[in-house]
Amino acid sequence: MPTQRTMSACHRRVTARTAAPPAAIQAQLRAAAVRAWPLPRAGADRGGRLVLRSPPQLRWVEAIRRGGGGEKIRRCSLCDVGGEREVGDLVGKVVGGDRTAEVLVAAGVTVVLGVGNRVLYKLALVPLRHYPFFLAQLATFGYVVVYFSILYIRYHAGIVTDEMLSLPKAPYLAVGLLEALGAASGMAAAAILSGAAIPILSQSFLVWQLILSYIFLGRRYRFNQLLGCLLVAVGVIVTVSSGSSSGSLMEAGMFWSLLMIVSFLFQAADTVLKEIIFLNAAKQLKGRSVDLFVVNSFGSAFQALFICLLLPFLSKLWGIPFYELPNYLKDGAACFLNHGTVSSGCDGAPLLPLLFVIVNMGFNISLLHLLKISSAVVSCLASTVSVPISVFLFTLPLPYLGVASSLPPGFVLGAVVLLLGMLIYASTPLFGPSVALQPSSVD
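The rules behind the values
Residues numbered from 1 in each chain as written. Predicted model: local features only at pLDDT ≥ 70, side-chain atom pairs only at ≥ 80, totals over all residues. Heavy atoms only, no water. Helix = DSSP H or I, 4+ residues; strand = E, 2+ residues; numbered from the N terminus. Polar contact = N/O pair within 3.5 Å; in protein donor to acceptor, adjacent residues only side chain to side chain. Contact = heavy atoms within 4.5 Å. Phe/Tyr/Trp six-rings, centres within 6.5 Å; stacked < 30°, edge-to-face > 60°. Lys NZ or Arg CZ within 6 Å of the ring centre and 35° of its normal. Disulfide = S-S within 2.5 Å. Buried < 20%, exposed > 50% of the residue type's maximum accessible area, 1.4 Å probe, protein only.

Caption draft 1: Fine view of the side chain of Asp-291. By secondary structure assignment, the location of Asp-291 is in the loop between α10 (254-284) and α11 (292-317). A polar atom in the side chain of Asp-291 sits 2.7 Å from the side chain of Arg-154. At a separation of 3.0 Å, a polar atom in the side chain of Asp-291 contacts the main-chain amide nitrogen of Phe-293. Not counting chain neighbours up to four residues away, the residues in contact with Asp-291 comprise Arg-154, Ile-159, Val-160 and Met-164.

Okay, here's the thing in structure tokens:
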């Protein structure tokens, strides 16, 4: 049964563990606590004093949990009429344990969708092997339509508010620009580099994540976290490069390798910027987090805008003269629909390309959700784990791919190193250094 507590005697102190900057999280939790802690309504106790019962505290805890930021309540002391009662264990279980489980589940879903994304991309290129540029543009511009349709539905359902839509659009513009630049530079380098070199160079993405999170988010990583990230990257490199006949990474020249690394810098900056958007939105929305589809919709719209501006450059990278681009897209659409004079050799369309687009969209949404509730580095690690699993799946007799590839000699060693790195990184709690928080009082 709930016990009575006097408002005037109540002392509240919360210690949170979080991976975000102390100042930002303090403001976020304080705003959530103030909004959720109601004024006493129900009269008084026998001495005529206003009282506060248990349900508002639970609403306060739930509001902080919804506020995001990966917080974990360590201690919460409340003075009741008969003395002080410790409720820290209950609060820690409700908030911290639930959030950790949420992150683990979200990470697992991201890994599964990441694997499906890689495998289905390969399958989608079987019918569209002559039209990969069409598939890329179908995904880019198709997402804008789908994301804004979902945003429209969520707005009318009351999930997305006018305050969310009125947030400054400049960060979304920057997101679109970074994604377009990452795609353009990545395409340019991928056209020259060997297939085995790209997954190896992609491990620079994790390094960029760590550096940018340190600079712009104020993150401080423990030694075991850095060691874990290093081992994850090494594990992926060993997995995809062992037994490869691609030769040196420098075969295509230093410039193209550096350009690919720069493309991952743009992508890492994009994810860190999205994390900053979520943190800033929580302050501007007084503890409430901005909806995923607000970020996805406007980010994708600006990315499509910049892709349009870069089309002459991108089409040239794919070996398509710009004046031939309309006919190329028309033929690509006919192959995608498996209809018309170019449909020969397009077996598997439109099912395989549509499956890829759907799974890719789900992967992007899950990745952004994971980033929202954890951090850019955690989301990057979840995405990275999908690489060796995909390598293993390609050794199976998948439909449309013909003869399965053999397992690289160093696959087991690379997988063991990667798993060891994940365990070492996870030996530290998902959320970073502790932050003391004094919630604002309610007048």
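Caption draft 2: Fine view of the packing of aromatic side chains. Applying the stated criterion across every chain, the model contains 11 aromatic pairs. Plain terms: the ring middles of Phe-148 and Phe-298 are 5.5 Å apart, the flat faces sit at 80° to each other, and that makes the pair edge-to-face. Residue Phe-148 is found in helix α4 (residues 132-156), and its partner Phe-298 is found in helix α11; the two are separated by 150 residues along the sequence. In this structure an aromatic cluster arises from ring pairing among Tyr-131, Phe-133, Trp-318 and Tyr-328. One Lys or Arg, Lys-169, reaches over the ring of Phe-298 and ends 5.1 Å from the middle of that ring. Of note, Arg-220 hangs over the ring of Tyr-214, and the distance from its end group to the ring centre comes to 4.1 Å.

Caption draft 3: View of the state of the cysteines. Using the criterion set out here, one finds 1 disulfide in the structure. Residue pairing for Cys-335: its cysteine sulfur links by disulfide to Cys-346, the two sulfurs lying 2.0 Å apart. Looking down the S-S bond of the Cys-335 and Cys-346 bridge, the torsion is -115°, so its handedness is left-handed. Of this pair, Cys-335 sits in helix α12 (residues 325-336) while Cys-346 sits in the loop between α12 and α13 (351-373), placing them 11 residues apart in sequence. Like Cys-346, Cys-335 is buried. Here Cys-229 is not disulfide-linked; the sulfur of Cys-380 is the nearest cysteine sulfur, at 7.7 Å. Accessibility expressed as a relative area gives 2% for Cys-229, which makes it buried.

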